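# Residue-level structure breakdown
Listed below are the residues making up each chain.
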Amino acid sequence: MFLWCFKPKFYKKSKSTTSYMKIRLDIVRKKRIAMVKNYKTDIVNFLNNGQYIEAYKRTELLLEELRIISCYDLIERFCDCISENLSLMLKKRECPEECREAVSSLIYATAWVPDVPELKDLRAVFTRRFGTFIASSVNHELVEKTELRRLPSRELKIQTMKDVANEFSINWDPTPLKLMLLRENSALQIKDKVQTRADYLNKDTEKSMIDDQSEDESVLSESWRRDSLSKGSLSSSSSSSSSSLRRESVRKKKRNKILPYGIVSPPNTKTGTRNDEKAQEEKEENRKSVDQERTSNNEVSTTRENERASSFERPKLLDYDDVVARLAALRRR
């Protein structure tokens, strides 16, 4: 005891942590063993009552507890290995070959066995002295029971049920259970196929609905395009007809042109000059009608005013002396 007090910190910390860890493992192992006994009694009761499916489900929980107990056993074995080789670990700066697997496995188990918190303290001690652990040195059985664990197979569960029945002296035939499991598996497969078929049909219906919608949109766009084209043709035809009607009305107004009130046509006009003026007016009307086709409705009004102004001619007024002479002649009479 006196010599142990003068040991290095690494030795004291490793020794105390491994001793506490063994105590912790005994406590948690007892709890797991009690759970195993309860599961076994439940399985036996279910088998006696003919509830094979319930016993089958309870067997999966039993195997999980047995897996954890086996992990505890491996950790305890590694702790014993470290306790035996602590003096050798003090002499060497690197981790010795005899306890390399134990150190690496305990560091690895820290993340997978939360029931033993002393593993974290031990990991801190080992990494401070030896650095990071080597993954290839970890025990393969521990890896299989922790990280690479899988759900137990159907054969393993049935074999475990047989072992439990033999332990309690029960003559149990697993054939009915196998038939039930086959029926359940076939029913699940049919359900999965129906579900996948339903999903496939739903996808097909959605795709067809999208295609129909796209076809309807294309039909509507074509109909709208046709309507717009027909409206454009109608508008063009109506505009052309309205423009032709305007031309005819303008021509009629020009032909039936009436002078303003109070203006008398000038005397001493010859028929030849009138015919020439009519010919000139017809030429101007033809020219202006062509111009009116190219221009808008606003320009039509301006052209009318220009035509009226150009066609208007003031009458020739009589001479003042002639008027006075005519008045004097009338008075004499």
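Refer to the preceding data block for the structure.
First, a word on what this report is: a plain description of the structure on this page. Values in this document were obtained by computation on a predicted structure and should not be read as measured data.

Secondary structure assignment for the protein yields 12 helices and zero strands. Along the protein, helices and strands appear, N-terminal first, in the series α-α-α-α-α-α-α-α-α-α-α-α. With 333 residues in all, the protein has 25% of them scored as buried. In the protein, of all internal contacts separated by at least 6 residues, the share reaching a separation of at least 24 is 76%. Accessible area of the protein: about 24,600 Å², with a carbon and sulfur share of 53%.

This part takes up helix 5 (residues 100-109). Because each turn of an α-helix spans 3.6 residues, side chains separated by three or four positions end up pointing in the same direction. Counting buried residues in helix 5 gives eight out of 10 residues, a clear majority hidden from the surface. Residues of helix 5 that are buried include every one of A102, V103, S104, S105, L106, I107, Y108 and A109, and no others.

Glancing now at the environment of L122. Tracing the sequence through the fold places L122 in helix 6 (residues 118-130). Classification of L122 as buried rests on a relative accessible area of 1%. For the pair L122 and L106, spaced 16 residues apart in sequence, the C-alpha separation works out to 7.9 Å. Beyond its immediate stretch of four places on either side in the chain, L122 contacts S14, T17, T18, M21 and L106.

Together, Y20, I23 and I27 make up an exposed nonpolar region whose accessible area comes to about 330 Å². By secondary structure assignment, the location of I27 is in helix 2 (residues 9-48). Judged by relative accessible area, I27 falls into the partly exposed class, the value being 45%.

About the thresholds
Residues numbered from 1 in each chain as written. Predicted model: local features only at pLDDT ≥ 70, side-chain atom pairs only at ≥ 80, totals over all residues. Heavy atoms only, no water. Helix = DSSP H or I, 4+ residues; strand = E, 2+ residues; numbered from the N terminus. Buried < 20%, exposed > 50% of the residue type's maximum accessible area, 1.4 Å probe, protein only. Contact = heavy atoms within 4.5 Å. Areas by Shrake-Rupley, 256 points an atom, 1.4 Å probe, with all protein chains shown as cover. Patch = residues over 30% accessible without salt bridge, like charges linked within 9 Å, V, L, I, M, F, W, Y side chains within 5 Å. Salt bridge = Lys/Arg side-chain N within 4 Å of Asp/Glu carboxyl O.

Any link to function would need more than the numbers given here.
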